[in-house]
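So you can see what is in the structure, the chains are spelled out below.
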Amino acid sequence: MKINGTSMSPVGSIQGVSRLKQAENKTAVSEADKIAVSDKAQVYQALLQKAKEIPAIREERVRGLNEQIKRGEFKIDEQRIADKLLEIYPKE
């Protein structure tokens, strides 16, 4: 058996392996950089956005109460206030 060293190209083989490793490294980095957001997180984000759109002050309610006060029709329900306070601060 005769081995002819001229038919082998060790430099070409090394470059081919080197290029293959570079391609694998780029693929691995790309996969690691991906972000996946769960369905629950997407729903949460949508609800959070909707909540931010709701005004903190309900202008219509405030106007209505102001009109009741001006006409002398606004009545304070002491029992309702007491019930709400007991809900917040229950007896021990």
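Residues numbered from 1 in each chain as written. Predicted model: local features only at pLDDT ≥ 70, side-chain atom pairs only at ≥ 80, totals over all residues. Heavy atoms only, no water.

Asker: What am I meant to see in the overall build of the protein here?
Answerer: Across its full length, the protein holds 4 helices and 0 strands. Along its sequence from the N terminus, the protein presents helices and strands in the succession α-α-α-α. A buried classification covers 0% of the 92 residues belonging to the protein. If you sum the accessible surface of the protein, you get close to 9500 Å²; carbon and sulfur atoms cover 57% of it. (Helix = DSSP H or I, 4+ residues; strand = E, 2+ residues; numbered from the N terminus. Buried < 20%, exposed > 50% of the residue type's maximum accessible area, 1.4 Å probe, protein only. Areas by Shrake-Rupley, 256 points an atom, 1.4 Å probe, with all protein chains shown as cover.)

Asker: Would you explain the layout of surface pockets in this entry?
Answerer: In this model, the largest pocket occupies a volume close to 170 Å³. Along its surface, the largest pocket is lined by Arg 61, Leu 65, Phe 74, Lys 75, Ile 76, Asp 77, Arg 80 and Ile 81. For the lining of the largest pocket, the secondary-structure elements that each account for two or more residues are α3 (59-71) and α4 (78-88). Among the residues making up the lining of the largest pocket, the classes are represented as 4 nonpolar, no polar and 4 charged. (1 Å grid on protein atoms, 1.4 Å probe; cavity = no way out; pocket = protein on both sides within 12 Å on 5 of 7 lines; lining within 4 Å. Points joined across faces, edges and corners; volume = space filled by probe spheres on them. Nonpolar A, V, L, I, M, F, W, Y, C, P; charged D, E, K, R; others polar.)

Asker: Looking at this structure, how should I read the pattern of salt bridges?
Answerer: As a working rule, side chains carrying opposite charge can pair if their charged atoms are close by. Applying the stated criterion across every chain yields a total of 2 salt bridges. A salt bridge links Glu 67 to Arg 71; the nearest nitrogen and oxygen atoms lie 4.0 Å apart. Taken together, the residues span about one helical turn, with Glu 67 and Arg 71 both in helix α3 at a distance of 4 residues. Judged by relative accessible area, which is 38%, Glu 67 ranks as partly exposed. (Salt bridge = Lys/Arg side-chain N within 4 Å of Asp/Glu carboxyl O.)

Asker: Sorry, what's going on with a nonpolar patch on the surface here?
Answerer: On the surface, Ile 69, Phe 74, Ile 76, Ile 81, Leu 85, Ile 88 and Tyr 89 cluster together into a nonpolar patch covering about 750 Å² of accessible area. As for its position among the elements, Ile 69 is in helix α3. (Patch = residues over 30% accessible without salt bridge, like charges linked within 9 Å, V, L, I, M, F, W, Y side chains within 5 Å.)

Asker: Teacher, can you tell me more about the confidence of the model for the protein here?
Answerer: Low-pLDDT stretches of the model should not have their predicted coordinates read in fine detail. Confidence along the protein averages 79 in pLDDT terms, with 65% of residues attaining 70 or more. Confidence scores differ between elements of the protein, with helix α1 (residues 10-32) showing the lowest mean pLDDT of 59 and α3 the highest of 94. (pLDDT = per-residue confidence, 0-100.)

Asker: I keep staring at a negative patch on the surface and nothing clicks. Help me out?
Answerer: A cluster of like negative charges, contributed by Asp 77, Glu 78, Asp 83 and Glu 87, occupies part of the molecular surface. Here Asp 83 is to be found in helix α4. Residue Asp 83 is classed as partly exposed on the basis of its relative accessible area, which comes to 38%. (Lys, Arg positive; Asp, Glu negative; His and termini not counted. Charge placed at Lys NZ, Arg CZ, Asp CG, Glu CD.)

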